[in-house]
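Analysis of the macromolecular model
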Amino acid sequence: MDLGLTGKVAVVTGGSVGIGLAVARGFAAEGVHLALCARNADRLAGVADTIRAEFGVKVLAVPADVAVAADTDRLVQAVQDEYGGADILFNNAGTGSEETILNAPDEKWQHYWELHVMAAVRLSRSLAPLMIPRGGGAILNNASICATQPLGYEPIYNVTKAALVMFSKCLANELIPHGIRVNALNPGLVRTPDWEKTARILTEGRAQTWEQYLQTIADENAPIGRFATPEEIADFAVFLCSPRASYAVGSTYYVDGGWLRVT
Ligand code: NDP
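Calculation notes
Residues numbered from 1 in each chain as written. Predicted model: local features only at pLDDT ≥ 70, side-chain atom pairs only at ≥ 80, totals over all residues. Heavy atoms only, no water. Domains from an automatic or database assignment. Contact = heavy atoms within 4.5 Å. Buried area = accessible area lost by both parts, 1.4 Å probe. Disulfide = S-S within 2.5 Å. Buried < 20%, exposed > 50% of the residue type's maximum accessible area, 1.4 Å probe, protein only. Helix = DSSP H or I, 4+ residues; strand = E, 2+ residues; numbered from the N terminus. Right-handed = clockwise from strand over helix to strand, strands pointing away. Polar contact = N/O pair within 3.5 Å; in protein donor to acceptor, adjacent residues only side chain to side chain. Near = heavy atom within 4 Å. Areas by Shrake-Rupley, 256 points an atom, 1.4 Å probe, with all protein chains shown as cover. Expected span 1.5 Å × (residues − 1). Bend = angle between axes of the 7 residues up to and from the residue. 1 Å grid on protein atoms, 1.4 Å probe; cavity = no way out; pocket = protein on both sides within 12 Å on 5 of 7 lines; lining within 4 Å. Points joined across faces, edges and corners; volume = space filled by probe spheres on them. Nonpolar A, V, L, I, M, F, W, Y, C, P; charged D, E, K, R; others polar. Pairing = 2+ DSSP bridges.

1. Focus on the domain arrangement of the protein chain
Partitioning the protein chain into structural domains gives domain 1 (9-190 + 229-255) and domain 2 (192-227). Between the C-alpha centres of domain 1 and domain 2 the distance comes to 26 Å. The interface of domain 1 with domain 2 comprises eight residues on the first partner and nine residues on the second. A combined buried area of about 680 Å² lies between domain 1 and domain 2, and 64% of that area is made up of carbon and sulfur atoms.

2. As for the state of the cysteines
In the structure shown here, the tally under the stated rule is zero disulfides. You can see C170 has no disulfide; the closest cysteine sulfur is in C241, sitting 19 Å from it. Residue classification places C170 among the partly exposed positions, given a relative accessible area of 44%. C241 forms no disulfide, and the closest cysteine sulfur to it belongs to C37, at a distance of 15 Å.

3. Side note on the environment of E196
Here E196 lies in helix α6 (residues 193-203). Separated by 57 residues in the primary sequence, E196 and I139 place their C-alpha atoms 29 Å from one another. The contact partners of E196, leaving out residues within four places of it in the chain, are R191, W210 and L214.

4. What about the pairing of strand β2 (residues 33-38)?
Burial runs high along β2: six of the six residues are buried. Of the two faces of β2, the one carrying H33, A35 and C37 and the one carrying L34, L36 and A38 are both buried. In terms of handedness, the path from strand β1 (residues 9-13) via helix α1 (residues 18-29) over to β2 forms a crossover that is right-handed. With respect to chirality, the unit in which β2 leads through helix α2 (residues 41-55) into the neighbouring parallel strand β3 (residues 59-63) is right-handed.

5. Side note on the side chain of N92
With respect to the helices, strands and loops of the structure, N92 is situated in the loop between β4 (88-91) and α4 (106-131). Within the structure, the side chain of N92 is placed 3.1 Å from the backbone oxygen of G14, a separation counted as a polar contact. Setting aside anything within four residues of it in sequence, one finds N92 in contact with T13, G14, I19, G20 and N142.

6. A short note on the site of the ligand
The environment of the ligand is made up of 29 residues, and the closest members are S16, R39, D65, N92 and Y157. Contact distances for the ligand include 2.9 Å between a nitrogen atom and a backbone N or O atom of V66. One of the side-chain N or O atoms of W195 is found 2.9 Å from an oxygen atom in the ligand. The protein chains hide 91% of the 880 Å² of surface that the ligand would expose on its own.

7. Overview of α4
Compared with an ideal rise of 1.5 Å per residue, which puts 26 residues at 38 Å, α4 spans 35 Å between its outermost C-alpha atoms and is within 8% of the ideal. At M118, α4 shows its largest bend, some 45 degrees.

8. Description of empty space enclosed by the protein
Rolled over the atoms, a probe as big as a water molecule pinpoints where empty space is left. Overall, the coordinates contain one cavity of 30 Å³ or more when judged by the stated rule. Taken as a whole, the largest cavity spans an internal volume of roughly 80 Å³. If you trace the largest cavity, you find it lined by T13, V66, N91, N92, A93, L115, H116, A119, A120, N142, K161 and L164. Counting residues per element, the lining of the largest cavity draws most heavily on α4, at four residues. Here the lining of the largest cavity is composed, by residue class, of six nonpolar, five polar and one charged.

9. Quick notes on the pairing of β1
For β1, a buried count of five out of five residues is recorded, marking the element as mostly surrounded by other parts of the structure. Of the two faces of β1, the one lined by V9, V11 and T13 and the one lined by A10 and V12 are each fully buried. Relative to β2, β1 runs parallel, the two being bridged by five bridges. Each bridged residue has a counterpart across the sheet, and for V11 the counterpart in β2 is A35. Bridging between β1 and β4 involves three bridges; their strand directions are parallel. Note on β4: the bridge partner recorded for A10 is I88.

Below is the structure:
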C-alpha cells in the first residue's frame, strides 16, 4: 500500500531510540524528511547520520529537552528554517515514573506535566499553523495504555498520560476544520532498550535472567504473551499519520497485545 507520504516532513520527539527511533525509521522508509529531537546530542547525531545514509531522506537533528519551553521554541524555529514547516508531528518523548501520591512532591508532578502534556501543547500550538498552508497534516500523541489502565507504581505517569489523551481529543476537534487530524496512541508493553536495561538491573544477582523477567511481565499482562517490538508500534503510527488514515480523527488507538481489560 502506498501511504502517500513521500516528500512530507515529520517532527518526531524522542527520536533517538525505542519507539521514536522506530517511527522515525518507518517515516524515512516512506520517503519522509525528518526533524528529530532528544536530549543526548551525540546519540541523536549518530541516529540522524544512519537514517540519512540508509534512506536518503533529510534529517534535521535538534538536541532539545521538550519539557523546557525555550527548547521546544528552538526546535520549531529549526524546523521552520530547514523545511519552512511540517506535515506531521509525533509527540513521543516521555518516560515512566515511580512514586506514591502521598510522597511525591509538587516538583515531580510539574516535571511530568511539562514532559508529557505541555511539550505536546507547545509543539502543536506552534506547528499546526505551519501545517495549514501545506494543506493540513497529522498530529499523533504517544500516550500509553496506562492512560486508561493504570500501573500502581507510577501514578504521575498514569495521570499525565491520561491528560495527554484528553488533550488529543480536544485538539482534534479544534484542528479538523483545518485538515489536521489528531489522534492518540496507547501502546502496551514495547521492548525498548530501556525495558531491557531495567530488567537487567532488577535481576542482577538473581536466578531469573533478565529475559525471563521480561517474559514473566508479558505473560502476566499481555494475552499475546510477549512484548511488542518498537517496529510493530511504528507501522501503526506511520499509517495513522498517513493520508490513508484520512477518517481517523480524535481517537485513541490501543496497540497492546490484548492487555486492556475493558474498553
Ligand atoms: P525510550 O526511553 O526508549 O526513548 C525515549 C526517547 O525520548 C529517547 O530518544 C530520549 O532521548 C527521548 N527523551 C526522553 N526525555 C526527553 C526529553 N525531556 N526531551 C527530549 N527527548 C526526550 O522510551 P520508549 O521508546 O520506551 O517510550 C517512548 C514513548 O512511548 C514514551 O512517551 C513512553 O511513555 C511511551 N510508551 C512506552 C511504552 C513501552 O513499553 N516502552 C509503553 C507505552 C507507552 P534522550 O534521553 O537523549 O533525551
